[in-house]
Protein chains: 2
Amino acid sequence: MGASRSFGRLLVLFSVLVAEGVRGAFPRLRAASLPDPASGSVSRSYRTCYFDQKIDHFGFAEDRTFKQRFLIADQHWKHYHGTILFYTGNEGDITWFANNTGLMWNIAEELNALLIFAEHRYYGESLPFGNKSFTNAKYLNYLSSEQALADFAVLVQHLKKTIPGAQNTPVIAIGGSYGGMLAAWFRMKYPHVVAGALAASAPIWQFENLVPCGAFYSIVTQDFKKSGNCCSESIRNSWAALNRLSSTAEGLRWLSCAFRLCSPLKTVRDVASFKAWLSETWVNLAMVDYPYKANFLQPLPAWPIQAVCKYLREPKLPDKALLKNIFQAVNVYYNYSGDAPCFNLSQTATQSLGMLGWYYQACTEMVMPMCSDGVNDMFEPQKWDFHAYSDNCFKVWGVRPRPSWIPTSYGGKNISSHSNIIFSNGGLDPWSGGGVTRNITDTLVAIMIPEGAHHLDLRANSPYDPDSVLQARMLEVHFMKLWVEKIKTHKGRK
Amino acid sequence: MGASRSFGRLLVLFSVLVAEGVRGAFPRLRAASLPDPASGSVSRSYRTCYFDQKIDHFGFAEDRTFKQRFLIADQHWKHYHGTILFYTGNEGDITWFANNTGLMWNIAEELNALLIFAEHRYYGESLPFGNKSFTNAKYLNYLSSEQALADFAVLVQHLKKTIPGAQNTPVIAIGGSYGGMLAAWFRMKYPHVVAGALAASAPIWQFENLVPCGAFYSIVTQDFKKSGNCCSESIRNSWAALNRLSSTAEGLRWLSCAFRLCSPLKTVRDVASFKAWLSETWVNLAMVDYPYKANFLQPLPAWPIQAVCKYLREPKLPDKALLKNIFQAVNVYYNYSGDAPCFNLSQTATQSLGMLGWYYQACTEMVMPMCSDGVNDMFEPQKWDFHAYSDNCFKVWGVRPRPSWIPTSYGGKNISSHSNIIFSNGGLDPWSGGGVTRNITDTLVAIMIPEGAHHLDLRANSPYDPDSVLQARMLEVHFMKLWVEKIKTHKGRK
């Protein structure tokens, strides 16, 4: 059970990253140059295109191609004098990212930029084997970060060749979360293709032995600790209360009713799922702890953790009273609109096309160890159990994860010979525990946004943005201009 | 036919690179620290080891492993204070390279170095599917430069972890020819694994549109032009003479007899093979135009092209007289020892285990366009015909080459963001046409050895070495020390 909790949680966390794309549309915009229609979302027009990509870049026996979707927006593109901002799509439908990575739209004019949003293979419409893509390990064999980066490299080369005036245009990779990891790795592995990368909230070190496995949950806990008196303590105490109650049939009935569960708790397994669902709720809240009201998975108030913590001020209440408060807190996340009839444990995030794909990636390359101890965090203690994790992967997909591969391939902590990468991280974001939060060299720079949750900087400007994120965005544009200038000066000298 | 000539030649050229390993043993050594037994070869002892490598680093459906062979020599290795010199094995048996890359043995003491020679998958004993490895496209699917580099990266990480005192040791990649390309690419793609690379005679630009396709044959021609009066002219005129003679049955009989061919020429195809065999002979001579006697494919005198050119001073002789001289010239290459009973057109180099493997690589990634025009070179005009080349590959292997992939993957001419690579080239080496012969940055440096043929600098010291190669070797060691020093200083500061 232990492993499946870590495992399930990881997936949902990343499915959250996918769904999160929806958010960016909502905060109102500060920038005058962008329209702000009544819906609150910005009208962003793009063309949808498809490119024939090799299914396998690294072998020649499979020579077929698939249609990779990508989006182009050229409203501010200046032929011969502009830049290309290239979003390295992550685990979801690329239109979500395009519509909601407000930063790129906001800075397009300043950088005379052509915007490209490239969909990651096996997500959205870019399915190498159509609706069979997820049916077995053979079809899934070409789902990896390396293949995705090769797609991006081939696509950029193609665009530069075919778009008039683009041939010598500097390209900057931009991505958030897993997309941020890809942006950073894209610059590392294909520096001849991209001049630099903005890797927002990219946990490139959330891998084997690079950071303490407890960092993630500890940051979630800090967020709750800061957001209300005794808040994290209340959650920490809730697990024992829950265990006591769930040990009797009457207690299970009470819990099912008090938490308005669609399916009542019956087995030990149900209880484990219930606890995983609660944990995921706290984690999701930490990731989306934004300074403004937003409609994400469910509509949420500004600073949602503060709203949650209003119900969690008395950690020492008797079990049922404490858990009633926990329910009130959870209710903020799942029922802010007030119309949820009951709560479904299998759903902590909006349904995401990317769920299956990420599940497979987590079972192959993307092994991100996590653990909790209940002391430095407010979660039930759970060790990182790679063997159980691996067995689970084998059961589900018929493949075994290779936890050392990502550090071997992308360098782990030894990345100082690379250049032109911005690693931005939010202080509230649990993924910052696996991110690069200190400058490595003059050209591998870290930007911290203390009041930021998960890649707040990639979102459109909002009047509620803290200064730190405004400064971060300015600095990001400053570095992009530097990279572009350097390339242009260098070319001019030739 | 056109394509098959280009095609066949390419392979043999590279099979030559393999066999060439045999040579290094013969020149007598200048360095006192190394024994020089009567045989002329240096006693170089190493341990043979095997490492379980994943057959597929880039996919997870194939999870089996194979035994990669590697050799270790630790006579001069200083734990904690030394370096690791890592030979990135190319298309052949790794013991050949180990026994004959004299440079590494010569500089081991100076660098307190542990020597590692890693065999390239699908060569020597490192066969992923044993003796079935070459039977079909499915088994061959894991033969690529990317998989080989991943092998090297994983192996280095393993060695650093398991050899006491090696954990923080700087590693330097060294290779020649295709092995030199791998050394350079290893540093480019895995800079966290290797501190720098010596890429000797590595034609990393002998790919699609990066250099003129005629450069290669033009350099061969220059070698002959410089080595004797009217020498290249005689060869250039020989093709027409040959065409005239081979147009009659009598002429074919005469040619078969005059050239002591084991199988007489009969068909148009035979004549094409005969011409390809001659071309390959001239090319091979250019590659091994060393300043001392050496036993390579056949025993050869010092400066073999000069020896050949002694027979080629009269380009305007009548056809048969001219071709008799051509035979004398060819006889130097194939029969310097005087005991060849007849000449076999299918053999221009020693039999090499690597032939099949390279043939496949040339049909997938390693597409190196070559052409001749008979004006800037002494060969019959032949255009580069990719389509015929590709069709031939498909016929033989069931795969089609992807000529753009290597430049896309490794950067083509845009490699300036990398660092710590020495590109050494010999002025006599036809492969220098596809090599990096000018400094790109302060840390991507080119070393030219005007009197050098194919990676002369990697060979053991010889009293006949021209000064230019001695200087090249000194400079190479100088850079290696710089890289190592920089890493050690950096670590010391931490």
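So, how was this worked out
Residues numbered from 1 in each chain as written. Chains lettered and ligands numbered in written order. Predicted model: local features only at pLDDT ≥ 70, side-chain atom pairs only at ≥ 80, totals over all residues. Heavy atoms only, no water. Contact = heavy atoms within 4.5 Å. Buried area = accessible area lost by both parts, 1.4 Å probe. Salt bridge = Lys/Arg side-chain N within 4 Å of Asp/Glu carboxyl O. Nonpolar A, V, L, I, M, F, W, Y, C, P; charged D, E, K, R; others polar. 1 Å grid on protein atoms, 1.4 Å probe; cavity = no way out; pocket = protein on both sides within 12 Å on 5 of 7 lines; lining within 4 Å. Points joined across faces, edges and corners; volume = space filled by probe spheres on them. pLDDT = per-residue confidence, 0-100. Buried < 20%, exposed > 50% of the residue type's maximum accessible area, 1.4 Å probe, protein only. Helix = DSSP H or I, 4+ residues; strand = E, 2+ residues; numbered from the N terminus. Expected span 1.5 Å × (residues − 1). Core = buried A, V, L, I, M, F, W, Y, C linked by side-chain atoms within 4.5 Å. Pairing = 2+ DSSP bridges. Axes fitted to C-alpha atoms, helices over the stretch in contact; angles between N-to-C directions. Parallel < 35°, antiparallel > 145°, perpendicular 65-115°, else oblique. Left-handed = near helix turned anticlockwise from the far one by under 90°. Domains from an automatic or database assignment. Least-squares fit on C-alpha atoms with pLDDT ≥ 70 in both. Phe/Tyr/Trp six-rings, centres within 6.5 Å; stacked < 30°, edge-to-face > 60°. Disulfide = S-S within 2.5 Å.

Points about the interface of chain B and chain A
Moving on, step 1. In this complex, chain B contributes 37 residues to the contact, which on the side of chain A involves 37 residues.
Moving on, step 2. Summed over both sides, the interface between chain B and chain A buries roughly 3200 Å², with carbon and sulfur atoms accounting for 56% of that surface.
Moving on, step 3. Contact with chain A buries surface across chain B, with Phe 58, Phe 60 and Arg 402 of chain B losing the most and accounting together for 26% of the total.
Moving on, step 4. A salt bridge links Asp 63 of chain A to Arg 402 of chain B; the nearest nitrogen and oxygen atoms lie 2.9 Å apart.
Moving on, step 5. Residue composition of the side of chain B that touches chain A, grouped by class: 14 nonpolar, 13 polar and 10 charged.

Some words on empty space enclosed by the protein
Moving on, step 1. Going through the model one piece at a time under the given rule, you end up with nine cavities of 30 Å³ or more.
Moving on, step 2. If you add up the space inside the largest cavity, you get close to 160 Å³.
Moving on, step 3. The wall of the largest cavity is formed by 14 residues, among which Phe 58 and Lys 189 of chain A together with Phe 58, Glu 146 and Lys 189 of chain B lie closest to the centre.
Moving on, step 4. Among the residues forming the lining of the largest cavity, the class breakdown is eight nonpolar, two polar and four charged.

Brief notes about the confidence of the model for chain A
In low-pLDDT segments, the atomic positions of the prediction should not be examined closely.
Residues and elements named next belong to chain A.
Moving on, step 1. Confidence in the prediction for chain A averages 88 pLDDT; 88% of positions are at 70 or higher.
Moving on, step 2. Counted against residues more than four places away or in other chains, residues 1-42, with its pLDDT under 50, gives 123 contacts.
Moving on, step 3. The complex prediction reports pTM at 0.91, with the ipTM value standing at 0.90.

A word on the pattern of salt bridges
Moving on, step 1. The final tally for this structure, using the stated rule, is 30 salt bridges over all chains.
Moving on, step 2. Here Arg 64 of chain A ties to Glu 62 of chain A by a salt bridge, and the two come within 2.8 Å at their closest N and O atoms.
Moving on, step 3. According to the relative accessible area criterion, Glu 62 of chain A is buried, its value standing at 11%.
Moving on, step 4. The salt bridge involving Asp 319 of chain B is made with Arg 244 of chain B; its shortest N-O contact spans 2.8 Å. With Asp 319 of chain B in helix α12 (residues 319-335) and Arg 244 of chain B in helix α8 (residues 231-245), the pair connects residues that are 75 residues apart, well separated along the chain.
Moving on, step 5. The class for Arg 244 of chain B is partly exposed, based on a relative accessible area of 48%.
Moving on, step 6. One continuous salt-bridge network, built from bridges that share partners, spans Arg 69, Asp 93, Glu 119 and Glu 125 of chain A.

Re helix α10 (residues 268-287) of chain B
Moving on, step 1. Taking 1.5 Å per residue, 20 residues should reach 28 Å; α10 of chain B reaches 29 Å between its end C-alpha atoms and fits that length.
Moving on, step 2. Among the 20 residues that make up α10 of chain B, 15 are buried, leaving the element largely enclosed by the rest of the structure.

So, the nonpolar core
Moving on, step 1. Membership of the largest hydrophobic core comes to 313 residues, with the highest contact counts inside it found for Trp 282 of chain A together with Trp 282 of chain B.
Moving on, step 2. Not counting chain neighbours up to four residues away, the residues in contact with Trp 282 of chain A comprise Val 220, Phe 224, Ile 235, Trp 239, Val 308, Ile 326, Ala 329, Val 330, Met 378 and Phe 379 of chain A.

A short note on the sheet that holds strand β1 (residues 47-54) of chain A
Residue and element names in this part refer to chain A.
Moving on, step 1. Reading across the sheet, the eight strands line up as β1-β2-β4-β3-β5-β6-β9-β10 and stay open at both edges, with mixed pairing between neighbours. Two strands lie at the open edges of the sheet, namely β1 and β10 (444-449), each paired on one side alone. Averaged over all neighbouring strand pairs, the angle between strand axes comes to 20°, with direction disregarded.
Moving on, step 2. Where strand β2 (residues 65-73) lies against strand β4 (residues 113-118), four bridges are found, and the strand directions are antiparallel.

Describing the packing of α10 of chain B against α12 of chain B
Residue and element names in this part refer to chain B.
Moving on, step 1. It is the contact of α10 with α12, at a shortest axis distance of 11 Å, that shows an interaxial angle of 55°. Regarding the angle of α10 to α12, the classification is oblique. As for the relative orientation of α10 and α12, their crossing is left-handed in sense. Residue-level contacts link Trp 277, Leu 278, Thr 281, Trp 282, Asn 284 and Leu 285 of α10 to Ile 326, Ala 329, Val 330, Tyr 333 and Tyr 334 of α12.
Moving on, step 2. Along the lines of polarity and charge, the residues of the contact of α10 with α12 split into nine nonpolar, two polar and no charged.

Some words on the domain arrangement of chain A
Moving on, step 1. Parsing chain A into structural domains produces domain 1 (2-30 + 227-347) and domain 2 (49-208 + 406-493).
Moving on, step 2. Centre-to-centre separation of domain 1 of chain A and domain 2 of chain A, based on C-alpha positions: 32 Å.

Remarks on the relation of the copies chain B and chain A
Moving on, step 1. You can overlay chain B on chain A at an RMSD of 0.0 Å; the transform is a turn of 180° with a shift of 0.0 Å along its axis. Here the transformation between the copies is reduced to the relation of a two-fold axis. Of every C-alpha in chain B, the one belonging to Lys 189 of chain B sits nearest the axis of rotation, 2.9 Å from it.
Moving on, step 2. Both copies contact each other with a shared surface, as 100% of the interface residues of chain B are interface residues in chain A too.

A closer look at the pairing of strand β2 (residues 65-73) of chain B
All names here are of chain B.
Moving on, step 1. Most of β2 sits out of view: seven of its nine residues are buried.
Moving on, step 2. Judged from the eight bridges that link them, strand β1 (residues 47-54) and β2 form a sheet pairing that is antiparallel. From the neighbouring strand, Gln 53 faces β2, where its bridge partner is Phe 66.

Considerations on the packing of aromatic side chains
Residues and elements named next belong to chain B.
Moving on, step 1. Inspection of the entire model under this criterion finds 63 aromatic pairs over all chains.
Moving on, step 2. Ring geometry for Phe 152 versus Phe 186: centroids 5.9 Å apart, planes at 55°, classification tilted. With Phe 152 in helix α5 (residues 145-162) and Phe 186 in helix α6 (residues 178-189), this residue pair connects regions lying 34 residues apart in the sequence.
Moving on, step 3. Relative accessible area serves as the criterion here: at 0%, Phe 186 is assigned to the buried category.
Moving on, step 4. Taken together, a centroid distance of 4.8 Å and an interplanar angle of 15° make the contact between Trp 277 and Tyr 334 stacked. Residue Trp 277 is found in helix α10, and its partner Tyr 334 is found in helix α12; the two are separated by 57 residues along the sequence. This pair shows no difference in class: Trp 277 is buried, exactly as Tyr 334 is.

Observations concerning the sheet that holds strand β10 (residues 444-449) of chain B
Residue and element names in this part refer to chain B.
Moving on, step 1. The mixed open sheet is built from eight strands, whose spatial order is β1-β2-β4-β3-β5-β6-β9-β10. Strands at the two margins of the open sheet, each flanked by one partner only, are β1 and β10. Each neighbouring strand pair of the sheet contributes to a mean axis angle of 20°, computed without reference to strand direction.
Moving on, step 2. Here strand β5 (residues 171-176) pairs with strand β6 (residues 196-200) via five bridges, running parallel. Directly across from Ile 174, in β6, lies its bridge partner Leu 198.
Moving on, step 3. Lying over the sheet, α5 contacts β1, β2, β3 (83-88), β4 (113-118) and β5, oriented at roughly 120° with respect to β1.

A short note on the state of the cysteines
Moving on, step 1. Here the structure, examined in full by the defined rule, presents eight disulfides over all chains.
Moving on, step 2. Disulfide pairing is shown between Cys 213 of chain A and Cys 371 of chain A; the S-S distance is 2.0 Å. Looking down the S-S bond of the Cys 213 of chain A and Cys 371 of chain A bridge, the torsion is 90°, so its handedness is right-handed. Here Cys 213 of chain A, found in the loop between β6 (196-200) and α7 (215-226), pairs with Cys 371 of chain A, found in the loop between α13 (355-362) and α14 (386-397); they are 158 residues apart in sequence, far enough to count as distant.
Moving on, step 3. Classification of Cys 213 of chain A by relative accessible area gives partly exposed; the value is 24%.
Moving on, step 4. The class of Cys 371 of chain A is buried, set by a relative accessible area of 15%.
Moving on, step 5. Sulfur-sulfur distance for the disulfide between Cys 262 of chain B and Cys 342 of chain B comes to 2.0 Å. A torsion of 100° about the S-S bond marks the disulfide between Cys 262 of chain B and Cys 342 of chain B as right-handed. Within this pair, whereas Cys 262 of chain B is found in the loop between α9 (249-258) and α10, its partner Cys 342 of chain B is found in the loop between α12 and α13 (355-362), the two being separated by 80 residues in sequence.
Moving on, step 6. Sequential numbering of the bridged cysteines in chain A gives the disulfide pattern 1-7, 2-4, 3-5, 6-8.
Moving on, step 7. Distance from the sulfur of Cys 230 of chain A, which forms no disulfide, to the nearest cysteine sulfur (Cys 231 of chain A) is 9.0 Å.
Moving on, step 8. A relative accessible area of 31% places Cys 230 of chain A in the partly exposed class.

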